[in-house]
Amino acid sequence: MEASFLKRMLAYFVDTILITFVVSLISLAIPNDNYKEYSEEYTKLTKEYQESEMNAENYKEYIKSSSSILYNMNKSNIIVTGIQVVLTISYFIVFQYKMNGQTIGKKIFKIKVTENGSSPSLNAIIKRTLIVDSILSGILGILILYILNKDNYYLGYLLISSVETIFAFASALFILYRKDKMGLHDMMANTKVVEE
């Protein structure tokens with residue numbers, strides 16, 4: 001029987017919390033005063049914009065200023081971002097493959113990924129997780145930091161984030177409304193998430 005949308009979302013939520021927790025612990029061990037400084041600057045800028053008279057000119061200035069801060073903030077945090085990508089790959093691809101289609105979240109909710117009724121191949125796990133688990137966007141995010149300049153970075157970052165969000169939303173709708181409960185990533189990899 002196919003796993004319900006709720007179980008899949010809760011399992012993903014548990015997995016995301018685990019990854020975030022581990023990345024947070026690692027980031028605490030890596031001193032990064034620049035990131036903190038840029039983050040505070042970004043928060044202050046956003047607060048000032050929200051308190052100002054919102055018009056096209058203010059918005060244009062806000063985007064120009066915030067894109068530069070975001071570029072610097074993300075560039076100063078590149079090591080943690082790289083670690084996050086490696087951990088995400090390790091967890092959602094390697095660990096899930098070794099555990100026959102289960103992550104800790106899936107194990108808790110007694111669901112698993114299958115391919116043609118049996119344990120998924122490594123190829124299927126890679127296909128289904130590259131986009132849905134932010135691996136591809138993380139890798140592309142790192143690349144555009146070095147390919148694009150400050151002025152174009154925000155546009156590239158926004159484009160990658162938008163495509164990822166649209167894909168995740170469409171996949172969630174597919175899982176909710178299709179009888180077979182397959183998301184776009186399941187269709188791409190010919191996998192199903194089923195009750196254990």
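Scroll up for the structure.
These notes cover the structure that comes with them.

Criteria and cut-off values
Residues numbered from 1 in each chain as written. Predicted model: local features only at pLDDT ≥ 70, side-chain atom pairs only at ≥ 80, totals over all residues. Heavy atoms only, no water. Phe/Tyr/Trp six-rings, centres within 6.5 Å; stacked < 30°, edge-to-face > 60°. Helix = DSSP H or I, 4+ residues; strand = E, 2+ residues; numbered from the N terminus. Buried < 20%, exposed > 50% of the residue type's maximum accessible area, 1.4 Å probe, protein only. Contact = heavy atoms within 4.5 Å.

1. A closer look at the packing of aromatic side chains
Step number 1: Enumeration over the complete set of coordinates arrives at seven aromatic pairs.
Step number 2: Geometrically, the ring pair formed by Tyr-49 and Tyr-62 is stacked, given 4.7 Å between the ring centres and 20° between the ring planes. Of this pair, Tyr-49 sits in helix H2 (residues 33–51) while Tyr-62 is found in helix H3 (residues 56–76), placing the two residues 13 residues apart along the sequence. One exposure class covers both Tyr-49 and Tyr-62, and it is buried.

2. As for the environment of Tyr-97
Step number 1: If you trace the backbone, Tyr-97 turns up in helix H4 (residues 78–98).
Step number 2: Look at Tyr-97 and you get partly exposed, because its relative accessible area is 34%.
Step number 3: In this structure, the C-alpha to C-alpha distance between Tyr-97 and Asn-74, residues 23 residues apart in sequence, is 31 Å.
Step number 4: Look past the residues within four positions of Tyr-97 in its chain and what remains in contact with it is Pro-120, Ser-121, Leu-122 and Ile-125.

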